[in-house]
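So the chains spell out like this:
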Amino acid sequence: MAHSYAYLDKEKILHLHPLEDEAVKHGKYVGTNLDYDESGFPVIGGEGVIYYADKDTAYVNGNEDNGKQIAVQSGLKALAGQLL
């Protein structure tokens, strides 16, 4: 797994970035070993997941408007909890 840095954007969506210098630009951030896709979203079960931390909802194949809602993995919830 690639080491990355997790942060929440202004919409409270969880993102991962390989460079600490980029993550710090978004305020609070933490290191993680989660894999991420080309868009910077965490990969769970082989799929990029868009996780809305303030709503505690997660989606694959899109966002809350057009994606499929999935159960929130406890690792995502714990990671976001460190950022809220």
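A few points on the structure. (Residues numbered from 1 in each chain as written. Predicted model: local features only at pLDDT ≥ 70, side-chain atom pairs only at ≥ 80, totals over all residues. Heavy atoms only, no water.)

## Structural notes on helix H2 (residues 74-83)
Listed as buried for H2 are Leu-76, Leu-79, Ala-80 and Leu-83. Here the buried residues of H2 occupy an arc of 95 degrees about the axis, which is enough to place them on one side. Structurally, H2 contributes buried residues whose contacts are with strand S1 (4-8), strand S2 (14-17), strand S3 (29-32), strand S4 (43-44) and strand S6 (50-52). (Buried < 20%, exposed > 50% of the residue type's maximum accessible area, 1.4 Å probe, protein only. Helix = DSSP H or I, 4+ residues; strand = E, 2+ residues; numbered from the N terminus. Arc of directions from axis to C-beta. Contact = heavy atoms within 4.5 Å.)

## Quick notes on the environment of His-17
Of note, His-17 is situated in strand S2. Sequence separation of His-17 and Tyr-7 is ten residues, and the distance between their C-alpha atoms is 8.3 Å. Apart from the residues lying within four places of it in its own chain, the contact partners of His-17 are Ser-4, Tyr-5, Tyr-7 and Glu-22. A polar contact is formed between the side chain of His-17 and the backbone nitrogen of Leu-19, at a distance of 3.0 Å. (Polar contact = N/O pair within 3.5 Å; in protein donor to acceptor, adjacent residues only side chain to side chain.)

## So, the sheet that holds strand S7 (residues 57-60)
Pairing within the open sheet is antiparallel, and its three strands lie in the order S6-S7-S8. One side of each edge strand has no neighbouring strand; the edge strands of this open sheet are S6 and strand S8 (68-70). For this sheet, the mean angle separating the axes of adjacent strands, direction not counted, is 35 degrees. Here S6 pairs with S7 via three bridges, running antiparallel. Bridge assignment links Tyr-52 to a residue of S7, and that residue is Thr-57. (Pairing = 2+ DSSP bridges. Axes fitted to C-alpha atoms, helices over the stretch in contact; angles between N-to-C directions.)

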